[in-house]
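# Survey of secondary and tertiary structure
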Amino acid sequence: MELRMLYSELQALLASCLGQEIDFQYVEAKTIRLQKQVEVGALGFKMKRKVKLEMTVEAIQGSDVDIVLGGGLGVDLLLRVVLVFVKNDQASKLIERKDANRVQVHLGEIPQVKKFLDRVEVSDLIFEPEGLRLVGSLK
């Protein structure tokens, strides 16, 4: 069984949930690049810059997905900042930091996804040029 989601659908979902616009760019079957436009300012000057982060799916174990993050020297710092914001939120149960550039995402902590994962055993997550494909079988 396969479930497909276009990147545009995922962008719309994230925009409605987080209020943030994040772009997705296909890299290869296990890797995707996330991009976000941010405004950086100092001494009265402001400029816009794209922050890029590559995510590689390393393993799927039940409802947990192990992800390796890449994208340059700022990955560790960016991950720390994100986890500080998430720590005080209900989403803190969703992301667990493993080391400087690895996280584990606990999909079972999302009620809507948990219902799906209670019925389907996910075996693979594949990125494609147009979107992502979740491969699994009924339990």
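Here, the structure is the one placed above.
Summarised in this report is the structure supplied together with it. The numbering scheme is per chain: residues are counted from 1 as the chain's sequence reads. Local features in this predicted model are restricted to residues whose pLDDT is 70 or higher, and side-chain atom pairs enter the listing and the counts only when it is 80 or higher, whereas totals over whole chains, interfaces and linings include all residues. To obtain the side-chain values, all non-hydrogen atoms of the structure were included, while hydrogens and water were left out.

## Here we look at the nonpolar core
Residues Phe24, Ile67, Leu125 and Phe127 are the most contacted members of the largest nonpolar core, which totals 20 residues. Elements that contribute at least two residues to this core include exactly α1 (7-18), β3 (31-42), β4 (45-61), β5 (64-70), β7 (102-106), β8 (120-127) and β9 (131-138). In this description, contact between two residues means that some pair of their heavy atoms is separated by no more than 4.5 Å. With residues near it in sequence (within four places) discarded, Phe24 still touches Tyr7, Leu10, Gln11, Leu14, Ile32, Arg33 and Leu34. We define the nonpolar core as a collection of buried residues of types Ala, Val, Leu, Ile, Met, Phe, Trp, Tyr and Cys that are connected through side-chain atoms lying within 4.5 Å of one another. Any residue under 20% of the maximum accessible area for its type is buried, any over 50% is exposed, and the rest in between are partly exposed; the area is computed with a 1.4 Å probe on protein chains only. Here a helix means four or more residues in a row that DSSP labels H or I, a strand means two or more in a row labelled E, and each is numbered from the N terminus.

## Digging into the pairing of β3
When DSSP finds at least two bridges between two strands, those strands are taken to pair. One ladder, built from 5 bridges, connects strand β2 (residues 23-28) with β3; its direction is antiparallel. Directly across from Tyr26, in β3, lies its bridge partner Ile32. Turn length for the β2-β3 hairpin, with the two strands adjacent in sequence and antiparallel, is 2 residues. Pairing between β3 and β4: 12 bridges, direction antiparallel. Its bridge partner lying in β4, Leu34 is registered against Leu53. Between the end of β3 and the start of β4, which pair antiparallel, lie 2 residues, with Leu43 showing a positive phi angle near 55°.

## What to know about the sheet that holds β9
On the basis of which strands lie adjacent, the open sheet formed by 3 strands has the order β1-β9-β8 and antiparallel pairing. With one partner strand each, in any of the chains shown, β1 (2-6) and β8 form the two edges of the open sheet. Neighbour to neighbour, the strand axes of the sheet diverge by 20° on average, direction disregarded. When β1 meets β9, the two strands line up antiparallel, connected through 5 bridges. Bridged to Leu3 within β9 is Leu134. Contacting β1, β8 and β9, helix α3 (residues 111-119) crosses the sheet at an angle of about 115° to β8. All axes are obtained by fitting lines to C-alpha atoms, using only the stretch in contact for helices, and the reported angles, taken between N-to-C directions, cover 0 to 180 degrees.

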